[in-house]
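A look at the structure
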Amino acid sequence: MRVTSDMMMRGMLKNLSRNLAKIDRYNNQLGTGKRILKPSDDPASTTLQMGLRSELRKIKQYVENVQSGITWLENTDVALREVGDVIQRLRDLAVQGSTSTLAQDSRDAIAEEVNELIDHLVQVGNSQVGDRFIFAGTRTTAPPMVKQLGADGRIESVTYEGDTGTVSVEVASGVAIEMNIPGSTIFSAVFDAAINLRDKLLAGDLTAVGGSCLSDLDNATQVVLQHRAIVGAKLNRFELTESRLGDIEANTKTLLSEVEDIDVAELILNLRMQEVVYEASLNVGSKVIQPSLLNFMK
């Protein structure tokens, strides 16, 4: 095959263009810190890269779910602790009101304080995390504790208008953890005991105040303590899950870095070598493409 000057020129330009493209790629890799700039750079690694990035997005969502669950349970525990403190105060008032030497006016004053504590318990039962009521079951958009007032302005009863459904969050593929406790399992006994105590104080029934009322309050305390233990166990599980997800996320990021990040030292060496090749191509090209007869005819 006869090789012409035109063929040599086109070959030289093609090689120069290829060498410049490699230099440009190395520069872009150094600038971005990423080895894969487009799928065609490494199709197999691109597939793995996409899978790892998808996994990181899932892990991020799981972490957000876990943190949401922790916040929910921490607020639940605070509320239950407050309920326990109120019950203890009610018990102290019951002991005080059962004293036979106490005048009825004093018992009426104690009953008024009990009534205020009942109202406070309604507020605690309607505790929220953001705009969601934590003791409402799955009906988290409306207050679950609704009080009914008598003609005298006192609370006659408290109705639970939530449900017994569970609220859960996904913390892994196919794994969900319940994070709520319906208020009906806790507050019914508490409200009944508190309202009964107030009414017995107003009626001057010392036997009931010092007997069944104290017993009901003790039972309510046990209910609260049992549910605080449940909340504590759930909180521990969420915290362990959060730690595990943190480890998985770190390992996944390490794998992703190995797939897509550059080796700076190796890349700089390749860039320098490619620059040498490019310069050599220029030198060779200037010698190969000799002046033709046309140059002498000018």
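Residues numbered from 1 in each chain as written. Predicted model: local features only at pLDDT ≥ 70, side-chain atom pairs only at ≥ 80, totals over all residues. Heavy atoms only, no water.

1. Some details on the overall build of the chain
- A tally of helices and strands in the chain yields 8 helices and 6 strands.
- The order of α-helices and β-strands along the chain, N terminus first, is α-α-α-β-β-β-β-β-β-α-α-α-α-α.
- Counting over 298 residues, the chain shows a buried share of 36%.
- Excluding contacts between residues fewer than 6 apart, the proportion of contacts in the chain whose partners are at least 24 apart in sequence is 70%. (Helix = DSSP H or I, 4+ residues; strand = E, 2+ residues; numbered from the N terminus. Buried < 20%, exposed > 50% of the residue type's maximum accessible area, 1.4 Å probe, protein only. Contact = heavy atoms within 4.5 Å.)

2. What about the packing of helix H3 (residues 104-125) against helix H4 (residues 184-203)?
- Taken N-terminus to C-terminus, the directions of H3 and H4 make an angle of 160 degrees; their axes are 8 Å apart at the nearest point. Judged on the interaxial angle alone, H4 and H3 are roughly antiparallel. The two elements H3 and H4 meet at a crossing, and its hand is left-handed. Contact residues: H3 offers Gln104, Arg107, Asp108, Ile110, Ala111, Val114, Asn115, Ile118, Leu121, Val122, Val124 and Gly125, while H4 offers Phe187, Val190, Phe191, Ala194, Ile195, Leu197, Arg198, Leu201 and Leu202. (Axes fitted to C-alpha atoms, helices over the stretch in contact; angles between N-to-C directions. Parallel < 35°, antiparallel > 145°, perpendicular 65-115°, else oblique. Left-handed = near helix turned anticlockwise from the far one by under 90°.)

3. So, the pattern of salt bridges
- This structure, assessed with the given rule, holds 10 salt bridges.
- Between arginine 228 and aspartate 77 there is a salt bridge, with the nearest N and O atoms lying 3.1 Å from each other. Separated by 151 residues along the polypeptide, arginine 228 in helix H6 (residues 212-260) and aspartate 77 in helix H2 (residues 43-97) bring together distant segments of the chain.
- A relative accessible area of 19% places aspartate 77 in the buried class.
- As a salt-bridge pair, arginine 154 and aspartate 152 come within 2.8 Å of each other at their nearest N and O atoms.
- What emerges from the salt-bridge pattern is a single network uniting Asp77, Arg81 and Arg228. (Salt bridge = Lys/Arg side-chain N within 4 Å of Asp/Glu carboxyl O.)

4. Quick word on the side chain of threonine 140
- With respect to the helices, strands and loops of the structure, threonine 140 is situated in the loop between strand E2 (132-133) and strand E3 (145-149).
- Judged by relative accessible area, threonine 140 falls into the buried class, the value being 10%.
- Sequence-distant contacts of threonine 140, that is, excluding residues within four places in its chain, are made with Trp72, Asp131, Arg132, Phe133 and Val167.

5. Some words on the environment of valine 129
- Assignment of secondary structure puts valine 129 in strand E1 (residues 128-129).
- When the C-alpha positions of valine 129 and threonine 71 are compared, they lie 7.8 Å apart, and in sequence the two are 58 residues distant.

6. Section: the packing of aromatic side chains
- Per the counting criterion, the structure on display carries 2 aromatic pairs.
- Ring geometry for phenylalanine 135 and phenylalanine 187: centres 5.2 Å apart, planes at 70 degrees, overall edge-to-face. A residue pair is termed long-range when its members are at least 10 positions apart, and phenylalanine 135 in the loop between E2 and E3 and phenylalanine 187 in helix H4 qualify at 52 residues. No difference in accessibility class separates phenylalanine 135 from phenylalanine 187, as the two residues are buried.
- Members of the aromatic cluster, joined through ring pairs, are Phe135, Phe187 and Phe191. (Phe/Tyr/Trp six-rings, centres within 6.5 Å; stacked < 30°, edge-to-face > 60°.)

7. Concerning the confidence of the model for the chain
- In the predicted model, the chain carries a mean pLDDT of 83, and the fraction of residues at 70 or more is 73%.
- Per-element mean pLDDT across the chain ranges from 47 in helix H8 (residues 293-297) up to 96 in E2. (pLDDT = per-residue confidence, 0-100.)

8. A short note on H3
- With 22 residues, H3 extends 31 Å from end C-alpha to end C-alpha; this agrees with the ideal 32 Å at 1.5 Å per step.
- Turning to H3, its buried residues number three or more, namely Arg107, Ile110, Ala111, Val114, Asn115, Leu117, Ile118, Leu121, Val122, Val124 and Gly125. (Expected span 1.5 Å × (residues − 1).)

9. Examining the nonpolar core
- Judged by nonpolar contacts, the single largest core of 54 residues is most densely connected at Val83, Leu90, Val114, Phe187, Phe191, Leu197 and Phe238.
- Of all the secondary-structure elements, those providing two or more residues to this core are H2, H3, strand E4 (155-160), strand E5 (168-172), H4 and H6.
- Take this core: its biggest share by element is 15 residues, from H2.
- With residues up to four places along the chain from it excluded, the contact list for phenylalanine 191 reads Ile118, Leu121, Val122, Met145 and Val158. (Core = buried A, V, L, I, M, F, W, Y, C linked by side-chain atoms within 4.5 Å.)

10. Section: H4
- Taking 1.5 Å per residue as the helical rise, H4 with its 20 residues ought to reach 28 Å, and the 28 Å between its terminal C-alpha atoms agrees with that figure.
- When H4 is considered as a whole, its buried residues turn out to be Ile186, Phe187, Val190, Phe191, Ala193, Ala194, Ile195, Leu197, Arg198 and Leu201.
- At the C-terminal side of H4, glycine 204 shows a positive phi close to 70 degrees.

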